[in-house]
Structures are given as C-alpha cells and as structure tokens.
Amino acid sequence: MSFEKDINEVLFTNEQLTEKIREVGQKISKDYEGQELLVVGILAGSIIFMSHLLENLDVECKIDFIKCKSYDGENSTGSITIQKDLSMDPRGKNILLVEDIVDTGLTVSFMVQSLLARGAKSVKVASLLDKPARREYKVDVDYSCFECPDKFIVGFGLDYNQYYRNLPYIGVLNAAAIKAHK
C-alpha cells in the first residue's frame, strides 16, 4: 500500500483486530440474548469496525447511523455538530452505540445523553479503541477491543483528514504525513 511510508509502527494487525472483534461480538451476543438490539454506528470512523462486529453478533438487530463532527484535523473542537441524525426512533430501544475510538469522550458522552433523553431503553457503548489518557468526559465503554496509547493513530476506519481509513490495520501516523495532509 502506498501509505506504508506514513506509518511509524503497526499497533494492531488485521489478525489481532479480527480476533478481538469476534470475542467482543460473542460477549455482546450473550449479554443481549433474546433481546432486539439497535446498533448505531457513529460515522464515518466506525463503519469498518461496525461491519466486522455485525458479522459476529448472534442476536436480532437493526442498524442505523448518526454522523457528528467534533474534530478538525488532529484537534478536538470541544463541541458536537450533528450532521446526520438517526433515521429510526430510538424510543424504547436497547441501543449499542458503536464508535471507532473513545478519546476525550466528548462525542460518546453527548450521544449517550442524547439517546437516553430521546427515550432509549438502554445505551451501551462498543468501541474498537479506548484511549483513556486523553479522557476529559466521564464515559463508560462497555465493550472495548483494545486500549491504545496516546499517539495519533489511523487505519481500520480511523482517519487523518479523511485519509488512511482503508488501511487493514491500525498504525501510528508519522509527523511528515500529518504535515503533508493538513
């Protein structure tokens, strides 16, 4: 892949990601056995993780998406803008909110509060990555695949200015690549 030169190190291989997502999917399936689940992906970063997670869920589920923006490049803006809302009514539903990474916690905290205020029966969070070193908002990540270091990472859905989402692994982006894609 042409982006290989932009990656300092691979943190999680495709094989590691696939195995861990399978384990998390089994746990979620057990926790929601006999219940219907509305799986809500936060676009666009969660889409690859969510598609793999859905393959590993053995419960009745519907899917929906919400798109919000809280980052500008590598910096959190400190506020949430909803760019695309749910197409389904969350009222009375058990919701699994799927995120690529929980970093400051702003997006997930906002979304959980919003869905509960809109009448969701329950909201749990599944995140591919958890980065507690940068946490500014209290967030319960119910299902996390990996904890990651406080480095700028890309791949498997995670991006930098919309680049690198298509990498089949998660890697640390180098400074030259950040500068080149500003």
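Residues numbered from 1 in each chain as written. Predicted model: local features only at pLDDT ≥ 70, side-chain atom pairs only at ≥ 80, totals over all residues. Heavy atoms only, no water.

### Looking at the packing of helix α1 (residues 14-31) against helix α2 (residues 47-55)
Packing of α1 against α2 brings their axes to within 8 Å, and their N-to-C directions diverge by 60 degrees. What the angle tells us is that α1 and α2 run oblique. Crossing of α1 over α2 shows right-handed handedness. Residues I21, V24, G25 and I28 of α1 form the contact with α2, whose own contacting residues are F49, H52 and L53. For the contact of α1 with α2, the per-class residue count stands at five nonpolar, two polar and no charged. (Axes fitted to C-alpha atoms, helices over the stretch in contact; angles between N-to-C directions. Helix = DSSP H or I, 4+ residues; strand = E, 2+ residues; numbered from the N terminus. Parallel < 35°, antiparallel > 145°, perpendicular 65-115°, else oblique. Left-handed = near helix turned anticlockwise from the far one by under 90°. Contact = heavy atoms within 4.5 Å. Nonpolar A, V, L, I, M, F, W, Y, C, P; charged D, E, K, R; others polar.)

### Section: the packing of aromatic side chains
Taken as a whole and assessed by the stated rule, the structure comprises three aromatic pairs. With a centroid separation of 5.4 Å and 90 degrees between ring planes, the pair formed by F152 and Y160 is classed as edge-to-face. Residue classification places Y160 among the buried residues on the basis of a relative accessible area of 2%. (Phe/Tyr/Trp six-rings, centres within 6.5 Å; stacked < 30°, edge-to-face > 60°. Buried < 20%, exposed > 50% of the residue type's maximum accessible area, 1.4 Å probe, protein only.)

### Remarks on the nonpolar core
Grouped together as the largest cluster of nonpolar side chains are 29 residues, with contacts concentrated most on I28, L53, L128, L129, I153 and I170. Secondary structure elements with two or more residues in this core: β1 (7-12), α1, β2 (37-43), α2, β5 (94-102), β6 (122-130), β7 (143-147) and β9 (170-173). If one sorts the elements of this core by residue count, α1 sits on top with four residues. If sequence neighbours within four positions are ignored, L129 has contacts with F12, D100, I101, V102, S144, F146, C148, I153, L158 and I170. Among the nonpolar cores identified, the runner-up in size contains 19 residues, and I80, L86, L97 and V125 belong to it. (Core = buried A, V, L, I, M, F, W, Y, C linked by side-chain atoms within 4.5 Å.)

### Comments concerning the sheet that holds strand β8 (residues 153-154)
If you trace the three strands from one edge of the open sheet to the other, you get β1-β9-β8, paired in antiparallel fashion. Taken across any chain shown, the strands that pair with only one partner, and hence form the sheet edges, are β1 and β8. Pairing geometry for β1 and β9, over four bridges, is antiparallel. Across the sheet, residue V10 finds its bridge partner in β9, namely G171. (Pairing = 2+ DSSP bridges.)

### What to know about the pairing of β5
Summarising burial for β5: nine of the nine residues are buried, a large majority. Inspection of the sheet shows β2 paired to β5 by four bridges, in the parallel sense. Counted as the bridge partner of V40 is L97 from β5. Pairing of β5 with β6, which is carried by eight bridges, proceeds in the parallel orientation. Opposite L96, over in β6, you have K124 as the bridge partner. Remark: the β5/helix α3 (residues 106-117)/β6 crossover connection has right-handed handedness. (Right-handed = clockwise from strand over helix to strand, strands pointing away.)

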